[in-house]
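Tertiary structure, described
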Amino acid sequence: MGQVNFIDVRDDDAIFEGSGWDALVVVASDVMQTGVDEISLLADHGVKIDNRVGRSATMLFAPGLAGGRLILSPVLNSQDDVEDVRVFADAARAGIALALQAGAKRPLLLVAKESDTRYQFSAEVAALACGQELWQALESREAKGDKPAFESIGLLCSSDMSQSLNALEAGRILARDLCGTEPERMSAAAFADYCVAAYQDSGLKVCVIEDRDVLERDYPLLSAVGRSSFAVSRHQPRVVKLEYVGEGEIERTYFFAGKGVIYDTGGADIKVAGGMAGMSRDKGGAAAVAGLMKTLSMLKPKGIRVVSELGLVRNSIGSEAFVTDEIITSHAGVRVRIGNTDAEGRLVLADLLSHLRIKAEKAVKPELFSVATLTGHVVRCYGGYTATVENSVAKLSGVASSIASQGESWGEPVEQSVLRRDDYAKIVDPSGAADILSSNNGPSSVTARGHQYPAAFLLKASGLSEHGVQSEKPMAYVHVDIAGSATEGHPLYGKPTATPLVGLYKHMTVKS
Ligand SMILES: [Zn+2]
């Protein structure tokens, strides 16, 4: 499905005609000085006839080189202090797009090495950026035929890269397919089916809950969000449970809750004035976690166990819809007053996290995460960046810092927000009738601490707040808000990014 096939190429002579590759794409800060004489010579000629050479992606006629096509894609501003490895991603995307337009079928990517530590994974990030550039929407692939853009992409490199990159990209493709697809094609049931098909023979344990009685008993907050969707059979909710167990003695255990709101009308607090369009992308958290599990199943890292729950539910509106003021008891036994039905993501996640908390009690070195397109506030606050909000246990062991550090190196930058006492003050139920209030009743984007305080709610409503630093079983917990980073480009219909899949995978598998 929309697969990108990277192949390691060790032979430097592969850049020449007859190697089987049909375009050479050079990504370098200085395309005039790559250290390869043939490229320098052609670049020298090129710049005499076209001022764009060295300033933007250009193609030169290159007799003697692979396919006779030399695409020079300069990495701009790489020396600037403020830049990060995404400058390589930008250049690779421009270069591979040109190769595609030119009609190449087997491009060979050459990424010039830089000693700057910011760019230690520049070749890998450039390759993954090609995957991002080439991904096509699932609906259009299903309508027009699912042909990969290229037969394969060669990576001129000195070490094994392709196996890991192919697995990361396979996970990212799954994540984009699940996140980006319209709400009828990717209903909760279809999302679950798509996962089951994607994990066939993967070795992952997969379980789908669809029984209404079970959902209402075990996921009461999630089921409240989905209450009016039960009336339409094809809109009914699902919970997908996934587990990966690596070989060898388990040294660490990771738990992920993914928000998969299939479509968010806002519910009874309905989104008005055109605010609903694009709300099929409110499942990016569940999609990213699903993709992460796919990558894990392919690369099989040893010594870790990863357990995930995806909450797939449509926040519909109708006569059965849940409304504000209702008090609903969460799976953890916390009585939650509904403050706003459009703050539904935290309700879905709280029940998932409660189930994961129970499993974490017996797990080796547990770390728990919620991943969600949760708030407009995070977009207002940080633009297109992922935000983390962690509890004190996670902070003491540097969990969010590790994710941020990996994300920085891999082109998925993260902003680390801080959980404060003010965040707990915001979830007090003023009436005293319920244990906590789910939300204030205004848009998060105009609410102070609008993306931080939901983490306080999630800790309380899931029972995780009982596992603080002083408790018998402390549990590290990081809430990851990807509302700003799950898609790029157009605000409503932009391309899904699969963020923060790579940063999370590296956090779990690279020992610091
Ligand atoms: Zn909402």
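The sections below set out a description of the structure shown in this document. Owing to the predicted nature of the structure, the values given are computational and were not obtained by experimental measurement. The residue numbering used here restarts from 1 in each chain and proceeds along that chain's sequence as written. Residues qualify for local features only when their pLDDT is at least 70, as the model is predicted, and side-chain atom pairs are given and counted only at 80 or more; totals for whole chains, interfaces and linings, by contrast, use all residues. Note that the side-chain values use all heavy atoms of the structure and ignore hydrogens as well as water.

It is worth spelling out the overall build of the protein chain at this point. Counting secondary structure elements, the protein chain contains 16 helices and 19 strands. It is over C-alpha atoms that the radius of gyration is taken, and the globule rule equals 2.2 Å times the number of residues to the power 0.38. Against the compact-globule benchmark of 24 Å for 512 residues, the protein chain has a radius of gyration of 24 Å, which places it among compact chains. Considering only C-alpha atoms, the protein chain reaches an extent of 80 × 50 × 45 Å along its principal axes. By residue count, 58% of the 512 residues in the protein chain fall in the buried class. Runs of H or I in DSSP of at least four residues are treated as helices and runs of E of at least two as strands, each being numbered from the N terminus. When a residue's accessible area, from a 1.4 Å probe over protein chains only, is under 20% of the maximum for its type it is buried; when over 50% it is exposed; and in between it is partly exposed.

Bringing the environment of Lys365 into the picture now. Summarising the element assignment, Lys365 is placed in the loop between helix H10 (345-360) and strand E13 (366-372). Its relative accessible area of 60% is what places Lys365 among the exposed residues. Separated by 108 residues in sequence, Lys365 and Lys473 place their C-alpha atoms 9.9 Å apart. Note on contacts: a residue pair qualifies if any of its non-hydrogen atoms lie within 4.5 Å across the two residues. Filtering out sequence-adjacent residues up to four positions away, Lys365 remains in contact with Glu251, Arg252 and Thr253.

Here we take up a nonpolar patch on the surface. Exposure above 30% relative accessible area and the lack of any salt bridge qualify a residue for a patch; like charges then connect within 9 Å, and the nonpolar side chains Val, Leu, Ile, Met, Phe, Trp and Tyr within 5 Å. Residue burial considers only the protein chains on display, and all accessible areas are found by Shrake-Rupley using a 1.4 Å probe. Take a side-chain nitrogen of Lys or Arg and a carboxyl oxygen of Asp or Glu: if they are within 4 Å of each other, that pair is a salt bridge. Side chains of Ile270, Val272 and Ile317 sit close together on the surface and give an oily, nonpolar patch of about 260 Å² of accessible area. Mapped onto the elements, Ile270 comes out in the loop between strand E9 (252-264) and helix H9 (284-299).

This next bit is on the pattern of salt bridges. Applying the stated rule across the entire model yields 28 salt bridges. The residue Asp50 makes a salt bridge to Arg52 at a minimum N-O spacing of 2.9 Å. The exposure class of Asp50 is buried, given its relative accessible area of 18%. Note that Asp84 is salt-bridged to Arg86, the shortest N-O span being 2.7 Å. Several salt bridges converge on common partners, so that one network encompasses Arg93, Glu133 and Glu488.

Of the protein atoms, only Asp264 (OD), Asp342 (O), Asp342 (OD) and Glu344 (OE) coordinate the zinc ion, at distances of 2.0 to 2.2 Å. Angles of 74 to 173° at the metal separate the four donor atoms of the zinc ion, which places the site in the irregular class. According to the relative accessible area criterion, Glu344 is buried, its value standing at 0%. Excluding water, the donors of a metal are its N, O and S neighbours within 2.8 Å, or within 3.2 Å for Na, K and Ca, and that exclusion means sites may look incomplete. A four-donor site is called tetrahedral if each angle lies between 85 and 135 degrees; a four-donor site is square planar, and a six-donor site octahedral, when trans pairs exceed 155 degrees and the remaining angles lie between 65 and 115; all other cases are labelled irregular.

In this section: the nonpolar core. Remark: nonpolar core denotes a set of buried residues (Ala, Val, Leu, Ile, Met, Phe, Trp, Tyr, Cys) joined through side-chain atoms within 4.5 Å. Core analysis: the largest hydrophobic core is formed by 86 residues, its most contacted members being Ile153, Phe256 and Leu310. When residues of this core are assigned to their parent elements, the largest contribution, eight residues, is made by helix H3 (residues 122-134). The source of the domain bounds is an automatic or database domain assignment. Each of domain 1 (6-160) and domain 2 (174-509) accounts for three or more of the residues forming this core. Ranked by size, the runner-up nonpolar core spans 45 residues in total, among them Leu349, Ala363, Ile427 and Tyr477.

Functional significance is not addressed by these values, which are geometric in nature.
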